[in-house]
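So you can see what is in the structure, the chains are spelled out below.
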Amino acid sequence: MSRTQPLVCWFQECHKDSVPLVGGKNASLGELINAGIRVPPGFAVTTEAYRRFISQGGVDREIKDALAGLDHEDSAALDQASSRIRGLIESCPISTELEDHIADYYRRLSKICGLPASPVAVRSSATAEDLPGASFAGQQDTYLWIRGAEGVLEHVRKCFSSLFTARAIAYRIKMGFAQEEVALSVGIQKMANAFTAGVMFTLNPANGDRSMIVIDSNFGFGESVVSGEVTPDNFRVDKVTMEIVDKTISKKEVYYTLEPAEHCSRKFTLPKERQMSQSTIDKDVLELARMGKIIEQHYRCPQDIEWAVDKDMPQTGSVFILQSRPETVWSCKSSDKPPETGKKKTAMDHILSNLMMGKKLS
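**Student:** Quick question: what am I supposed to make of the sheet that holds strand E5 (residues 184–190) here?
**Tutor:** In a beta sheet, neighbouring strands pair by backbone hydrogen bonds and run either parallel or antiparallel. The 5 strands are arranged E1-E2-E5-E3-E4 in an open sheet whose pairing can be described as antiparallel. At either margin of the open sheet sits one strand with a lone partner, and together these are strand E1 (8–10) and strand E4 (142–146). With direction set aside, neighbouring strand axes in the sheet form an average angle of 20°. Of the pairings in the sheet, the one linking E1 to strand E2 (residues 42–45) comprises 3 bridges and is antiparallel in character.

**Student:** So what exactly am I meant to see when it comes to the pattern of salt bridges here?
**Tutor:** Where side chains of opposite charge bring their charged atoms close, a pairing between them can arise. Per the counting criterion, the structure on display carries 17 salt bridges. Taking the shortest distance from any N to any O, the salt bridge between Arg38 and Glu287 comes out at 3.4 Å. Separated by 249 residues along the polypeptide, Arg38 in the loop between helix H1 (19–34) and E2 and Glu287 in helix H9 (residues 282–299) bring together distant segments of the chain. According to the relative accessible area criterion, Arg38 is partly exposed, its value standing at 25%.

**Student:** Help me understand the packing of helix H3 (residues 59–67) against helix H4 (residues 75–90), please; the structure alone is not making it clear to me.
**Tutor:** A pair of packed helices is characterised by two quantities: the angle between their axes and the separation of those axes. H4 packs onto H3 with a crossing angle of 175° between their chain directions and a minimal axis gap of 9 Å. The pairing of H3 with H4 is recorded here as roughly antiparallel in orientation. Taken together, the residues of H4 that come into contact with H3 (itself represented by Val59, Glu62, Ile63, Asp65, Ala66 and Leu67) are Ala81, Arg84, Ile85, Leu88 and Ile89. Looking at the contact of H3 with H4, its residues break down into 8 nonpolar, no polar and 3 charged.

**Student:** Just checking my understanding: could you explain the side chain of Ser124 for this structure?
**Tutor:** Turning to its location among the elements, Ser124 is positioned in strand E3 (residues 120–126). A polar atom in the side chain of Ser124 sits 3.4 Å from the side chain of Ser162.

**Student:** Hey, could you run me through the sheet that holds strand E12 (residues 303–310) in this one?
**Tutor:** Overall, antiparallel pairing links the 6 strands, which are arranged E9-E8-E7-E6-E12-E13 in an open sheet. Each edge of the open sheet is held by one strand with a lone partner, namely strand E9 (244–248) and strand E13 (319–326). Sheet twist, expressed as the mean angle between neighbouring strand axes with direction ignored, is 20°. Examined bridge by bridge, strand E6 (residues 194–201) and strand E7 (residues 212–219) share 6 bridges and lie antiparallel to one another. Looking at the pairing, Gly198 lines up with Ser217 of E7. Where H9 meets the sheet, its contacts fall on E6, E7, strand E8 (233–238), E9, E12 and E13, and the angle it forms with E13 comes to roughly 35°.

What counts and how
- Residues numbered from 1 in each chain as written.
- Predicted model: local features only at pLDDT ≥ 70, side-chain atom pairs only at ≥ 80, totals over all residues.
- Heavy atoms only, no water.
- Pairing = 2+ DSSP bridges.
- Helix = DSSP H or I, 4+ residues; strand = E, 2+ residues; numbered from the N terminus.
- Axes fitted to C-alpha atoms, helices over the stretch in contact; angles between N-to-C directions.
- Salt bridge = Lys/Arg side-chain N within 4 Å of Asp/Glu carboxyl O.
- Buried < 20%, exposed > 50% of the residue type's maximum accessible area, 1.4 Å probe, protein only.
- Parallel < 35°, antiparallel > 145°, perpendicular 65-115°, else oblique.
- Contact = heavy atoms within 4.5 Å.
- Nonpolar A, V, L, I, M, F, W, Y, C, P; charged D, E, K, R; others polar.
- Polar contact = N/O pair within 3.5 Å; in protein donor to acceptor, adjacent residues only side chain to side chain.

Set out below in structure tokens:
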């Protein structure tokens, strides 16, 4: 990696060819932004920063020594090596140059968000996530509701060290990947302080109809919708006319929101007077559908999308896409076999499971 590579860059400066520099997650966020999709603002600490960090003071040599001769089936040895390496990385100071870059970008991000010290998610973004035949996704750590430059710096180090969990080390050995070929970027992204949130499919998950966009929503964070703890409000939007052709407002008894004292998500009972209220206004439903169409056109396949309306941001720009991935049930359907519903992995799986149990979807 060239020394001319940046240590830190904004998400909007990333694109699909940026994976070696910012990892798969951050590159995907840059792709969405450059396709005209609104995502919570943020920046990436690059793999160049990671490589400089572990090369200082000979940390990379100590990592190599700790990993030498490991067997991917020897759990005790893997745990010992992981503990040694993670302790080494988390106790290693970040250079003044990198610290200044991260602190400066964090201050600028907080200013963009109009908050004195914006709460952020600090997420690992590995370069190996998208390698053919290998799935590294979910092997590294994510930290939510982090505030202040010191907190961000501490959790960037923790993300760096999460490249060496026992599970990740074992997987790379088993798959034959050289440990020095993987690197880690870290995404620092504003936490969406959701007034309402949910999931969206750019087809009808009940029957695979690609002329419809279907949106489920509840008040607060999207956990209550994705986990199935509530029957969400349901909206169907005609993808051609971009009109809401059907909506069902359900009784929603719980929601998740920020617990201010502990800076974490907590479940609360929704007040009775709000339980039958429409959780997402029609204007935001149509804005979501517009973005859903753009994402589907960009990736050229139906999408399974998580979204939120952020109450910290101006009303004119408060609808955000949090994550988009290819829809995997109807898009892969090649015969008359019913979709598999036995194993819940995604929001789509959950909704289909509810459908089979007779719960109302539309």
